[in-house]
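An overview of the molecular structure
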Amino acid sequence: MSAARGGHSARLGPRPTSATSLWLSRALLLLCVCLSLVVCACSAGSNLRAYRDPSGAFAFAYPNGMVAVNLGPGKGPVVLLRDLVYETENVSLMIAPFDKGETIADLGSPAEVGQLVAEKIIAPEGSGRSAKLLAAEAFERQEHPYYLLEYQTDMGSQLRHEVVTVTVRHHRLYTLTASTQESRWPQVQAAFRNVGRSLNVS
């Protein structure tokens, strides 16, 4: 009887190990699924949406949670999007005639153009604002140059942080700006830099 029990015990011996392995495998699979769902939920919260010009002239990305503001023709930016919660946080696109070359590189290096944008667009003389250029770099899309610029802007009543992308196509200067309060910059910097790199002018 004892031998039979011993033999029976020997046959049953591996089963708890097998059952434990199966349980661990299922637990790990469940953990992976849960982690994937958490990651997906986090990414969905930080996703960018696409804005495409109806005529196909340009496209860019903007953060979820922003909505278009209708300014009417000829009033300010061609496109203005504003955050529903942080109302001073916005993304805008300006288009202006340009006769100083075929590309943005004809105007100078990223740092040189960055200073010009600060002086002529962000903080022109008499505006009561001052803009400090923090970073300037070039990137290409379809072999066409774009400049990505970053500023800290003192508005007098508040300090802001801005990411500005400039490019020239068909004798037009395109200026895409993502702007927020300096206090909000740590939360939005990755998204805003992605917005800056997303501009695509046909």
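This text gives an overview of the structure that appears in the document. None of these values were measured; they are calculated from a predicted model. Per chain, residue numbering runs from 1 following the sequence as it is written. Local features in a predicted model are, by the rule used here, given only for residues with pLDDT of at least 70; side-chain atom pairs are given and counted only at 80 or more, and totals for whole chains, interfaces and linings are based on all residues. Side-chain calculation: all heavy atoms of the structure are included, whereas hydrogens and water are not.

1. Let's talk about the pattern of salt bridges
Salt-bridge detection follows one rule: a side-chain nitrogen of Lys or Arg within 4 Å of a carboxyl oxygen of Asp or Glu. Applying the stated rule across the entire model yields 3 salt bridges. For Glu-89, the salt bridge goes to Arg-184, with nearest N and O atoms at 3.0 Å. Separated by 95 residues along the polypeptide, Glu-89 in the loop between β4 (79–83) and β5 (90–97) and Arg-184 in the loop between β9 (172–181) and α4 (185–198) bring together distant segments of the chain. The same class applies to Glu-89 as to Arg-184, namely buried. Secondary structure counts use DSSP, requiring at least four H or I residues in a row for a helix and at least two E residues in a row for a strand, with both numbered from the N terminus. Residue burial is assigned from relative accessible area. The probe radius is 1.4 Å, only protein chains are included, and a residue is buried under 20% of its type maximum, exposed over 50%, and partly exposed in between.

2. Notes on the packing of aromatic side chains
Only the six-membered ring of Trp is used, alongside the rings of Phe and Tyr, when aromatic pairs are assigned; centres must lie within 6.5 Å, and planes under 30 degrees apart are stacked while those over 60 apart are edge-to-face, with the rest tilted. As enumerated under the stated definition, the model contains 6 aromatic pairs in all. Here the aromatic rings of Tyr-51 and Phe-58 are separated by 6.3 Å at their centres, their planes lie at 10 degrees, and the arrangement is stacked. Taking the relative accessible area as the measure of exposure, Phe-58 reaches 6% and is therefore buried. What links up through ring pairs into an aromatic cluster is the set Tyr-51, Phe-58, Phe-60 and Tyr-174. In this structure, Arg-184 packs its charged tip against the face of Tyr-86, placed 3.7 Å from the ring centre. Look at NZ for Lys and CZ for Arg. If either is within 6 Å of the ring centre and within 35 degrees of the ring normal, a charge sits over the ring. Taking NZ or CZ as reference, Arg-197 lies 5.4 Å from the ring centre of Phe-139, over its face.

3. Focus: the sheet that holds strand β6 (residues 130–141)
Taken in spatial order, the 7 strands make up an open sheet running β3-β4-β5-β9-β8-β7-β6, and their pairing is antiparallel. Either end of the sheet is taken by a strand with one partner, and the two such strands are β3 (66–68) and β6. For this sheet, the mean angle separating the axes of adjacent strands, direction not counted, is 20 degrees. Two elements, strand β8 (residues 159–169) and β9, share 10 bridges in a ladder whose sense is antiparallel. A pair of strands is labelled paired if DSSP reports no fewer than 2 bridges between them. What counts as an axis is a line fitted to C-alpha atoms, over the stretch in contact for a helix, and the angles between N-to-C directions run from 0 to 180 degrees.

4. Comments concerning the environment of Glu-150
Positionally, Glu-150 belongs in strand β7 (residues 144–154). Given a relative accessible area of 11%, Glu-150 falls into the buried group. Sequence separation between Glu-150 and Leu-133 is 17 residues; the distance between their C-alpha atoms is 6.0 Å. The contact criterion used throughout is that any non-hydrogen atoms of two residues lie within 4.5 Å. Excluding residues that lie within four positions of it along the chain, Glu-150 makes contacts with Lys-132, Leu-133, Leu-134, Ala-135, His-161, Glu-162, Val-163, Trp-185 and Arg-193. A polar atom in the side chain of Glu-150 sits 3.0 Å from the side chain of Arg-193. Any pair of N or O atoms that falls within 3.5 Å is considered a polar contact. Within protein, one atom must be able to donate a hydrogen and the other to accept it, and sequence-neighbouring residues count only if both atoms are side-chain atoms.

So, to be careful, I would describe these as geometric facts and stop short of saying anything about function.
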